[in-house]
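# Results of the structural survey
So you can see what is in the structure, the chains are spelled out below.
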Amino acid sequence: RYEPTWGSLDARPLPAWFDEAKFGVFIHWGVFSVPSFGSEWFWWYWQKEKRAPYVKFMEANYAPGFSYEDFGPLFTAEFFDPNQWADVLKASGAKYVVLTSKHHEGFTLWGSKYSWNWNAVEVGPKRDLVAELATSIRNRTALRFGLYHSLFEWFNPLFLEDATSVFKTRKFPTSKSLPELYEIVINYQPEIIWSDGDGDAPDTYWNSTGFLAWLYNDSPVRDTVVTNDRWGVGSICTHGGFYTCSDRYNPGHLLPHKWENCMTIDKSSWGYRRNTQLDDYLTIEDLVKQLVETVSCGGNLLMNIGPTHDGRIAVISEERLRQMGAWLKVNGEAIYGTKPWRAQNDTVALEVWYTFSPKEGKVNAIFLNWPVSGILELGEPQAKLGETQVKLVGYKELLKWVALGEKGIVITLPQLTPKQLPCQWGWTLQLTGIN
């Protein structure tokens, strides 16, 4: 049994499925999807920081005295079709999904007993959005279902009161945050608890170790659940299950601890923005590169989309998800279930990243640019005549190669028309019989 101490909790082995999964989809959805302007931090930037663009936006478009709470009934979700979402997520090649059950605004996407009149069952959609998505994901896909949950709430009076006492009182976690965490675990059995937003309070204020000890010992998901590292001031990148370290974290080198790169398709926001331009979205080339670099260095990629207030996955987000799925259909064996190799990227050919498939003993070299010459020179692999074989994934014949002294190999790529290429946006060479 795990004790409610970081020493004990951090010693828990991460369930193997998470490292094997490699790719998940994050979904930021809530009342912030109604103004869908600037950022999912809309309320904070408008009311607390009084940033000019937000203040002007409200003055120009809403009646005087309109409050953030007034957006609640406008969060309608009339086009939300959880089966369609599940089908798109399945098509993306993702192995898990993390939905924002509650962001820093405090609005819960389920009918929480602890969020009176500020939840999706009583206000807005009048539906349990968490339950509906969980059911569709489990009925239609093999994805693991996870929930994001913000520990703190910007404007909750109980939290503000505790903060005034420098967290000597604990009214908010005992009456709101902790009961909600137990509620979502018992009701929806998420296999990822993605905690966020500590409100500058220590883990002792949140009783994070007490909750995690229950989660790992006695909860309905105790054997398979994974958690992140955002459990109070000072815990990020130090305690918990996998490390996130910061948003859009991509160190570019191997880390000793399992980590996740959580990033978003819209470069400027996690929530949906109505005024985005095409340039605001990462291209599929950008996203494949993020995935390959992340997995090579031992991480998972958690790629975020922000649906609309009426429950649609924006067409451009759906396209990116389906493109990722098309790429993974061809190259998935170089991603799923792999381990980092002794070199993460190549010393000679930049934009070439390595993974290792332990079951087959294959080294995967994923190259993001097809060389004009048709010749690819790699500095890392040690090839041996009569033993080494090189295969382009999605192409039948073995490729010709020449060893370069002790280390290094020159590979002749097949001459293919764009239509004959196994895929776009990056290709995998499988090398067997490599030292």
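Computed from a prediction, not measured in an experiment: that's the story for all the values here.

### Here we look at the sheet that holds strand β10 (residues 375–378)
Strands sit in the order β10-β13-β12 across an open sheet of three strands; the sheet is antiparallel. The open sheet terminates on both sides in strands that have one partner only, identified here as β10 and β12 (400–403). Sheet twist, expressed as the average angle between the axes of neighbouring strands with direction ignored, equals 20°. By the bridge criterion, four bridges tie β10 to strand β13 (residues 409–412) in an arrangement that is antiparallel. Directly across from leucine 378, in β13, lies its bridge partner isoleucine 409.

### Some details on the state of the cysteines
Here the structure, examined in full by the defined rule, presents one disulfide. Note on cysteine connectivity: cysteine 237 is disulfide-linked to cysteine 245, with sulfurs 2.0 Å apart. One disulfide, between cysteine 237 and cysteine 245, carries an S-S torsion of 70° and so falls in the right-handed class. For cysteine 245, a relative accessible area of 15% puts it in the buried group. Here cysteine 297 is not cross-linked by a disulfide; its sulfur's nearest cysteine counterpart is in cysteine 245, at 13 Å.

### Description of the packing of aromatic side chains
One pass over the full model with this rule turns up 54 aromatic pairs. When the centroid spacing of 5.5 Å and the interplanar angle of 80° are considered together, the rings of phenylalanine 37 and tyrosine 54 count as edge-to-face. A residue pair is termed long-range when its members are at least 10 positions apart, and phenylalanine 37 in the loop between β1 (23–27) and α3 (42–48) and tyrosine 54 in helix α4 (residues 52–61) qualify at 17 residues. An identical accessibility class is assigned to phenylalanine 37 and tyrosine 54; each is buried. Arranged with centres 5.2 Å apart and planes meeting at 80°, the rings of tryptophan 370 and tryptophan 427 form a pair that is edge-to-face. With tryptophan 370 in the loop between β9 (362–367) and β10 and tryptophan 427 in strand β14 (residues 427–432), the pair connects residues that are 57 residues apart, well separated along the chain. Residue classification places tryptophan 370 among the partly exposed positions, given a relative accessible area of 24%. Since its relative accessible area comes to 8%, tryptophan 427 is described here as buried.

### Topic: helix α8 (residues 171–188)
Given 3.6 residues per turn, any residue in an α-helix points the same way as the ones three and four places further on. With 18 residues, α8 should cover 26 Å at 1.5 Å per step; its first-to-last C-alpha distance of 25 Å lies within 8% of that length. When the local axis directions of α8 are compared, the greatest deviation, roughly 30°, occurs at serine 177, which is followed within four positions by the proline proline 179. Looking only at α8, the buried set comprises Phe172, Pro173, Lys176, Ser177, Leu178, Pro179, Glu180, Leu181, Glu183, Ile184, Val185 and Tyr188. Immediately beyond the C-terminal end of α8, within one or two residues, lies glutamine 189, with a positive phi of roughly 45°.

### Quick word on the UniProt feature "domain: Glycoside hydrolase family 29 N-terminal" (unreviewed entry) in the protein
In this numbering, the UniProt entry assigns the feature "domain: Glycoside hydrolase family 29 N-terminal" (unreviewed entry) to residues 1–333. Measuring from the first to the last C-alpha atom of residues 1–333 gives 36 Å, for a span that is 36% helix and 12% strand.

### Remarks on the nonpolar core
Inside soluble globular proteins, nonpolar side chains tend to come together where they are buried. With 121 residues, the main nonpolar core has Ile27, Leu215, Trp327 and Leu429 as its most contacted residues. Counting residues domain by domain, this core receives three or more from each of domain 1 (6–332) and domain 2 (339–432). Leave out the neighbours within four places in its chain, and tryptophan 327 touches Val288, Leu291, Val292, Gly332, Ile335, Ile366, Cys423, Gln424, Trp425 and Gly426.

### Quick word on the environment of serine 33
Tracing the chain through its elements places serine 33 in the loop between β1 and α3. It is 7.3 Å that separates the C-alpha atoms of serine 33 and proline 307, two residues lying 274 residues apart in sequence. Non-local contacts of serine 33, meaning those with residues more than four positions away in its chain, are made with His28, Pro307, Thr308 and His309.

### Some thoughts on the environment of histidine 104
Counting through the fold element by element, histidine 104 comes out in the loop between β2 (96–102) and α6 (129–140). Here the side chain of histidine 104 touches serine 150 through a polar contact of 2.7 Å, side chain to side chain.

### Quick look at the pairing of β2
Of all the seven residues making up β2, seven are buried; the element is thus mostly covered by neighbouring parts of the structure. Two elements, β1 and β2, share four bridges in a ladder whose sense is parallel. Along β2, the bridge assignment pairs phenylalanine 26 with valine 98. Inspection of the sheet shows β2 paired to strand β3 (residues 144–150) by six bridges, in the parallel sense. Pairing of valine 97 across the sheet is with phenylalanine 145, part of β3. In terms of handedness, the path from β2 via α6 over to β3 forms a crossover that is right-handed.

What counts, and where the lines are drawn
- Residues numbered from 1 in each chain as written.
- Predicted model: local features only at pLDDT ≥ 70, side-chain atom pairs only at ≥ 80, totals over all residues.
- Heavy atoms only, no water.
- Pairing = 2+ DSSP bridges.
- Helix = DSSP H or I, 4+ residues; strand = E, 2+ residues; numbered from the N terminus.
- Axes fitted to C-alpha atoms, helices over the stretch in contact; angles between N-to-C directions.
- Disulfide = S-S within 2.5 Å.
- Buried < 20%, exposed > 50% of the residue type's maximum accessible area, 1.4 Å probe, protein only.
- Phe/Tyr/Trp six-rings, centres within 6.5 Å; stacked < 30°, edge-to-face > 60°.
- Expected span 1.5 Å × (residues − 1).
- Bend = angle between axes of the 7 residues up to and from the residue.
- UniProt positions renumbered as here; feature names shortened; annotations may be inferred.
- Core = buried A, V, L, I, M, F, W, Y, C linked by side-chain atoms within 4.5 Å.
- Domains from an automatic or database assignment.
- Contact = heavy atoms within 4.5 Å.
- Polar contact = N/O pair within 3.5 Å; in protein donor to acceptor, adjacent residues only side chain to side chain.
- Right-handed = clockwise from strand over helix to strand, strands pointing away.

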